Amino acid sequence: FHGIISREQADEILAGVEGAYILRESQRQPGCYTLALRFGNQTLNYRLFYDGKHFVGEKRFESIHDLVTDGLITLYIETKASEYISKMTTNPIYEHIGYATLLREKVSRRLSRTKNESRKASVMSEENTQVEKITSLVRRAALTQNDNHFNYEKAHNFKVHTFRGPHWCEYCANFMWGLIAQGVRCSDCGLNVHKQCSKYVPNDCQPDLKRIKRVYCCDLTTLVKAHNTQRPMVVDSCIREIEARGLKSEGLYRVSGFTEHIEDVKMAFDRDGDKADISASIYPDINIIAGALKLYFRDLPIPVITYNTYSKFIEAAKISNPDERLEAIHEVLMLLPAAHYETLRYLMIHLKKVTLHEKDNFMNAENLGIVFGPTLMRPPEDSTLATLNDMRYQKLIVQILIENEDVL
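Please read these numbers as outputs of a predicted model, since none were measured by experiment.

A few points about the environment of Phe1
Relative to the helices and strands, Phe1 is located in the segment before helix 1 (7-14). On the accessibility criterion, Phe1 (62% relative accessible area) is exposed. For the pair Phe1 and Leu35, spaced 34 residues apart in the sequence, the C-alpha separation amounts to 9.5 Å. Excluding anything up to four places from it in sequence, Phe1 contacts Leu23, Arg24, Glu25 and Tyr33.

Here you go:
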């Protein structure tokens, strides 16, 4: 650290020493710090920040030395290989049909081997070298071959990731450089790509069950794709149990079950998935199962009626003409993601059955709308006032969906 010195003085100190760096306090802005770095026969100056770790951009480092090392790697790559980088996404291996076919064939051959067959220790051919390089592509190709009849479109859930050791991008098949945060990884399926390549990857995420830690609080589409089901198995299991023994229960969905028992059901689903036992022998009170179903919908990070369709549903509910209102609601329903639409459709069929037993359970479409309105749809902004203002429209939307389930 050289205290308060000018850019010119920093340039003199670093002159002729490629890769050298110093820290200085800014002469123009005292209290602000600058990293002066020699690269390409010139001194580059970067505003330096610290929040427990050092950073000049989005990457954060334990030490200045690591920051400079990573910066030099990046500067070198961007300077010497700018043309190469610009072409990386033009012919991606990800979309190369022949390559994907090759991988699937290799997976099939590998799976068909007997357990007693010895494996070769080294890989000699260029073809095999490519496969070794993009190892998780083999897994992804195998995933696409499963019997997934409910192949809903799902975007990848990319998060910045630090890779240990050399790593290759699974989109463009090029090396990922740097010391830390070299690329991004999908937390649902494990796909590893450059950050710039992530913009081009199609919405074909196939979540891996090993990565899905829980059932509740998990994105709806992620859960159904991971379990290869048409709807979340929580919804199927709970509705099946309720229709078997609870349709005539007075105040169904309005009467609350014991909170601790509902939490037990939640933990059972998180722990055992579709093997969770929610039968009458374990939970004789059907309100516990109904409460667990409502809790599942409340815990969704993105509600069944998604945030980006919320305002459109509210506007549709405000239309006074019944026929026009129904048409508007139908149009917005078509905007829901496939898994959300299917879940909502199945739930409305069930709630219509509940209303058919109104004489016993005293639950009509309006009552169910009051219960499920705030459960199935929430405003994008966390505003109590907006929620209160919209409650009657939330109720009306669910009521209309139930009453017109066969049409909508």
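With respect to the sheet that holds strand 2 (residues 33-39)
If you trace the 4 strands from one edge of the open sheet to the other, you get 1-2-3-4, paired in antiparallel fashion. For this open sheet the edge positions go to strand 1 (21-25) and strand 4 (54-55), each flanked by a neighbour on one side alone. Of the strand pairs in this sheet, strand 2 and strand 3 (residues 42-50) are connected by 7 bridges, and their pairing is antiparallel. The residue bridging Ala36 from the neighbouring strand is Asn45, located in strand 3. Contacts from helix 1 reach strand 1, strand 2 and strand 3 within the one sheet, and its direction differs from that of strand 1 by about 160 degrees. Across the sheet, helix 2 (residues 64-80) is in contact with strand 1, strand 2, strand 3 and strand 4; its angle to strand 2 comes to roughly 45 degrees.

Overview of the sheet that holds strand 7 (residues 192-193)
Strand order in the open sheet formed by 3 strands is 5-6-7, and the pairing between neighbours is antiparallel. In this open sheet, the two strands that pair with only one neighbour each are strand 5 (158-161) and strand 7. Summarising the sheet, strand 6 (residues 183-186) and strand 7 pair through 2 bridges and their orientation is antiparallel. Each bridged residue has a counterpart across the sheet, and for Val184 the counterpart in strand 7 is Val193.

So, the nonpolar core
As a rule of thumb, nonpolar side chains are buried together in soluble globular proteins. Core analysis: the biggest nonpolar cluster contains 68 residues, and Tyr253, Phe269, Phe297 and Phe372 have the highest contact counts within it. With 9 residues, the single largest contributor to this core is helix 10 (residues 286-299). Among all residues touching Phe269, those that are not within four sequence positions of it are Val215, Tyr216, Met233, Val234, Ser237, Cys238, Ala276 and Ile278. Counting residues in hydrophobic clusters, the runner-up holds 16 residues, among them Met88, Trp177, Cys189 and Cys205.

Cut-off values and rules
Residues numbered from 1 in each chain as written. Predicted model: local features only at pLDDT ≥ 70, side-chain atom pairs only at ≥ 80, totals over all residues. Heavy atoms only, no water. Helix = DSSP H or I, 4+ residues; strand = E, 2+ residues; numbered from the N terminus. Buried < 20%, exposed > 50% of the residue type's maximum accessible area, 1.4 Å probe, protein only. Contact = heavy atoms within 4.5 Å. Pairing = 2+ DSSP bridges. Axes fitted to C-alpha atoms, helices over the stretch in contact; angles between N-to-C directions. Core = buried A, V, L, I, M, F, W, Y, C linked by side-chain atoms within 4.5 Å.

What is shown is where atoms sit, not what they do.
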